[in-house]
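# Secondary and tertiary structure notes
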Amino acid sequence: MMESIMTYKISDDVLPLLKPKRLVAARDILARPDLVPDLPGIYGWWFDGALARVPRDGAVRCGGFDLLYVGIAPRPPGRAGRSSKSTLRRRLVRNHLRGRLSGSTLRRTLAALLGEELALSVRRGPASRPVMARADEDRLTAWIAGHGALSWVPTPAPWDPESELLRAGPALPLNVKGTSHPFSQTLRAARADLGVLSQPANANARVVAGAG
């Protein structure tokens, strides 16, 4: 049941994302990826109160979880009109739940916020991308599985409702692009610090995200 009163107007196509009949736990999707449709669409990440640093004023709340982030699959078509073939299932399972920092903005954001708490060690890899060992990625995945839930809406052009939500919808403090939420500046700085706090001469040395 919805616990927040909406003070904004959103098109009917987006409402099921904000007012889901039920949230699907991230751990259930890890166990059964087929719970997520293999279709293009927009998705919402909901988290319990474990992210203490994240402001939740104006966020939508449902069943003890707050909607903190929205994303889409696939990305909008490029200038040549080409679009990726990503789907909700591929994006959520392969990138967000079973992937690595390099393939998920959400995982990079969570690593930046939870680095000390989870003792995550981040270093700069190829093209200066932040990378973690598989064991660290697994700890982050376990945290997401224990604290996250999802809603989604299949739609062939998900970038349109995403833009609407970021422009005129509820507070989405974990989104950075397309939003004016004040926490976005904190996130940009935290993500920029991943793996660059002390670039070691030894490539095998480990850096704890958020330390210092």
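Residue positions are given per chain, counting from 1 as you read along its sequence in written order. Local features in a predicted model are, by the rule used here, given only for residues with pLDDT of at least 70; side-chain atom pairs are given and counted only at 80 or more, and totals for whole chains, interfaces and linings are based on all residues. The side-chain quantities take in all heavy atoms of the structure and omit both hydrogens and water.

Bringing the overall build of the chain into the picture now. Broken down by element type, the chain carries seven helices and seven strands. Relative accessible area decides the class of each residue, using a 1.4 Å probe on protein chains only: under 20% of the type maximum gives buried, over 50% gives exposed, and in between gives partly exposed. A total of 212 residues make up the chain; the buried ones form 47% of that total. The contacts of the chain with a sequence gap of at least 6 include a subset with a gap of at least 24, amounting to 70%. Computed by Shrake-Rupley with a 1.4 Å probe, the accessible areas treat only the displayed protein chains as cover when residues are assessed. On the chain, roughly 10,800 Å² of surface is accessible, and the fraction owed to carbon and sulfur atoms is 51%. In DSSP terms, a helix is any run of H or I states spanning at least four residues, a strand is any run of E spanning at least two, and both are numbered starting from the N terminus. Contacts between residues were defined by any pair of non-hydrogen atoms, one from each residue, lying within 4.5 Å.

Further remarks concern the sheet that holds strand β1 (residues 24-25). Paired strands, in this sense, are two strands between which DSSP finds at least two bridges. Reading across from one edge, β1-β7-β2-β4-β3 is the order of the five strands in this open sheet, with antiparallel pairing throughout. Whereas interior strands pair on both sides, the edge strands pair on one side only; in this sheet they are β1 and β3 (61-62). Sheet topology places strand β2 (residues 41-47) next to strand β7 (residues 148-154); seven bridges connect them, and they run antiparallel. When the bridges of β7 are listed, G44 appears paired with S151. What counts as an axis is a line fitted to C-alpha atoms, over the stretch in contact for a helix, and the angles between N-to-C directions run from 0 to 180 degrees. Helix α6 (residues 159-168) rests against β2 and β4 (65-73) of the sheet, and its axis sits at about 145 degrees to β4.

The next point concerns the packing of aromatic side chains. Stacked, tilted and edge-to-face are the three classes assigned to paired rings of Phe, Tyr and Trp, where Trp is represented by its six-membered ring and a pair needs centres within 6.5 Å; plane angles under 30 degrees give stacked, over 60 edge-to-face, the rest tilted. The tally for this structure, following the rule as stated, stands at two aromatic pairs. Seen in terms of ring centroids, W45 and F47 are 5.7 Å apart; in terms of plane orientation they differ by 10 degrees. Their pairing is stacked. Of the residues examined, W45 reaches a relative accessible area of 0% and is grouped as buried. Taken together, W45, F47 and W143 form an aromatic cluster joined through their ring pairs.

Our next topic: the confidence of the model for the chain. Every residue is assigned a pLDDT by the predictor, reflecting its confidence on a scale from 0 to 100. Taken over all residues, the pLDDT of the chain has a mean of 86, while the share at 70 or more is 86%. Scored below 50 in pLDDT, residues 197-212 shows 27 contacts in the model against residues more than four places distant or in partner chains.

Here the focus is the pairing of β7. Consecutive residues of a regular strand have side chains that alternate between opposite faces of the sheet. Among the seven residues that make up β7, six are buried, leaving the element largely enclosed by the rest of the structure. Sheet analysis places β1 next to β7, joined by two bridges and oriented antiparallel. Residue pairing for β7: A25 is matched across the bridge by A149.

What follows is about the side chain of D66. Secondary-structure assignment places D66 in strand β4. With residues up to four places along the chain from it excluded, the contact list for D66 reads W45, W46, F47, R56, A59, V60 and R61.

Let's shift gears to the packing of helix α3 (residues 88-97) against helix α4 (residues 105-114). Interaxial distance between α3 and α4 falls to 8 Å at its minimum, and their mutual angle equals 35 degrees. Contact residues: α3 offers R91, N95, H96 and L97, while α4 offers T105, L106 and R107. Under the convention adopted here, Pro, Cys and the residues Ala, Val, Leu, Ile, Met, Phe, Trp and Tyr are nonpolar, Asp, Glu, Lys and Arg are charged, and Gly plus all remaining residues are polar. When the residues that make up the contact of α3 with α4 are grouped by side-chain class, the tally is two nonpolar, three polar and two charged.

Okay, the nonpolar core next. When a protein is soluble and globular, its nonpolar side chains tend to lie buried together. Judged by nonpolar contacts, the single largest core of 37 residues is most densely connected at W45, F47, L51, L110, L140, W152 and L174. For this core, the secondary structure elements donating two or more residues are α2 (26-31), β2, β4, α3, α4, α5 (134-147), β7 and α7 (183-192). Top element by residues in this core is α4. It accounts for six residues. Sequence-distant contacts of L110, that is, excluding residues within four places in its chain, are made with F47, L51, G115, L140, W143, I144 and L174. As used here, the term nonpolar core means buried Ala, Val, Leu, Ile, Met, Phe, Trp, Tyr and Cys residues forming a set that is joined through side-chain atoms within 4.5 Å. Listed in part, the 17 residues of the second largest apolar core include C62, L67, V70 and I72.

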